[in-house]
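Residue-level structural notes
Chain by chain, the residues:
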Amino acid sequence: MELIQQSLDLSAYLAADEVIDHEHPYVREVAGRLAKQAEDSYAYARLAFEFVRDTIPHSQDAGDPRVTWRASDVLEQRTGICYAKAHALTALLRAEDIPTALCYQRFDVVHGLVAVRFDGAWHRQDPRGNKPGVNAQFSLGRERLAFVPDREAGEADYPELYAAPHPAVLAVLRAAGDRARLWAALPAAL
């Protein structure tokens, strides 16, 4: 699948905003700790991916009722669904000047992941969190995502690469008072 940048300006995929708040002191502190362990940007990207995937539980898997959507909140509260975890990973990568996009897949509901830009190409990564039957890995070669869409069942990969969260995703995250209400409002398509 060919990934399509929503913005032709690569700097849009390095920008901070209210959601991808990579200038927040806590995001900077986590990014700094991870950067000290990495010998280069590839190693940093893998460390950041593994940090978000492995140390921030997916709130549905953990039974956590809290809803997070701002990257700094996801990192501080250590919880979030796929979208929130994608926001956190995007902020950590952008904090170290690695162009990162938000992207989506469609299953029963829309699933969020990220794409990182290395060697002139985009590489999708899924920091959702592993569990039995889910084994997402950081890869700049063959994709190792949490889920592969079943096209015959109407599932799909969306090729668009967004510099900011999709408005439909952000609206449900902001409006949900808890995870149960969020789960009932998740978008089925973009």
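It should be emphasised that the depicted structure is a prediction, and the values quoted were computed from it without experimental measurement. (Residues numbered from 1 in each chain as written. Predicted model: local features only at pLDDT ≥ 70, side-chain atom pairs only at ≥ 80, totals over all residues. Heavy atoms only, no water.)

Next up on the list: the overall build of the protein. The secondary structure content of the protein amounts to seven helices and six strands. Projected onto its principal axes, the C-alpha coordinates of the protein cover approximately 40 × 35 × 35 Å. For the protein, buried positions account for 51% of its 190 residues. Relative to all contacts within the protein whose residues are 6 or more apart in sequence, the contacts with residues 24 or more apart total 60%. Surface exposure of the protein reaches about 8,500 Å², of which carbon and sulfur atoms provide 50%. When the 21 positive and 27 negative side-chain charges of the protein are each reduced to one mean point, those points stand 4 Å apart. (Helix = DSSP H or I, 4+ residues; strand = E, 2+ residues; numbered from the N terminus. Buried < 20%, exposed > 50% of the residue type's maximum accessible area, 1.4 Å probe, protein only. Contact = heavy atoms within 4.5 Å. Areas by Shrake-Rupley, 256 points an atom, 1.4 Å probe, with all protein chains shown as cover. Lys, Arg positive; Asp, Glu negative; His and termini not counted. Charge placed at Lys NZ, Arg CZ, Asp CG, Glu CD.)

At Asp97, a residue that is not glycine, the phi angle is positive and equals roughly 60 degrees. Mapped onto the elements of the fold, Asp97 is located in the loop between helix 5 (82-95) and strand 2 (100-106). Located in the positive-phi region is Asp119, a residue other than glycine, with phi close to 55 degrees. Of note, Asp119 is situated in the loop between strand 3 (110-118) and strand 4 (121-125).

Looking now at helix 1 (residues 25-36). Compared with an ideal rise of 1.5 Å per residue, which puts 12 residues at 16 Å, helix 1 spans 16 Å between its outermost C-alpha atoms and is within 8% of the ideal. Buried residues of helix 1: Val27, Val30, Ala31 and Leu34, and no others. Mapping the buried residues of helix 1 onto a view down its axis gives an arc of 100 degrees, with all of them on the same face. Among the exposed residues of helix 1, those oriented more than 90 degrees off its buried face are Pro25 and Lys36. In this structure, the buried side of helix 1 is in contact with helix 2 (41-55), helix 4 (71-77) and helix 5. (Expected span 1.5 Å × (residues − 1). Arc of directions from axis to C-beta.)

What follows is about the pattern of salt bridges. Inspection of every chain in the model, using the stated rule, returns 12 salt bridges. Arg70 serves as the salt-bridge partner of Glu18, at 3.2 Å between the closest nitrogen and oxygen. Placement of the pair is Glu18 in the loop between strand 1 (4-5) and helix 1 and Arg70 in the loop between helix 3 (59-62) and helix 4, with a sequence separation of 52 residues. Owing to a relative accessible area of 43%, Glu18 belongs among the partly exposed residues under this scheme. (Salt bridge = Lys/Arg side-chain N within 4 Å of Asp/Glu carboxyl O.)

Extensive coverage of strand 4 is indicated by the burial of four of its five residues. Counted between consecutive antiparallel strands, the loop separating strand 3 from strand 4 contains two residues, among which Asp119 sits at a positive phi close to 55 degrees. (Pairing = 2+ DSSP bridges.)

We now examine the sheet that holds strand 5 (residues 156-157). Reading across the sheet, the four strands line up as 4-3-2-5 and stay open at both edges, with antiparallel pairing between neighbours. Of all the strands in the sheet, the pair left with one neighbour each is strand 4 and strand 5. Taken together, the five bridges between strand 3 and strand 4 define a ladder with antiparallel strand orientation. Residue pairing in the sheet places Ala115 in a bridge with Arg124 of strand 4.

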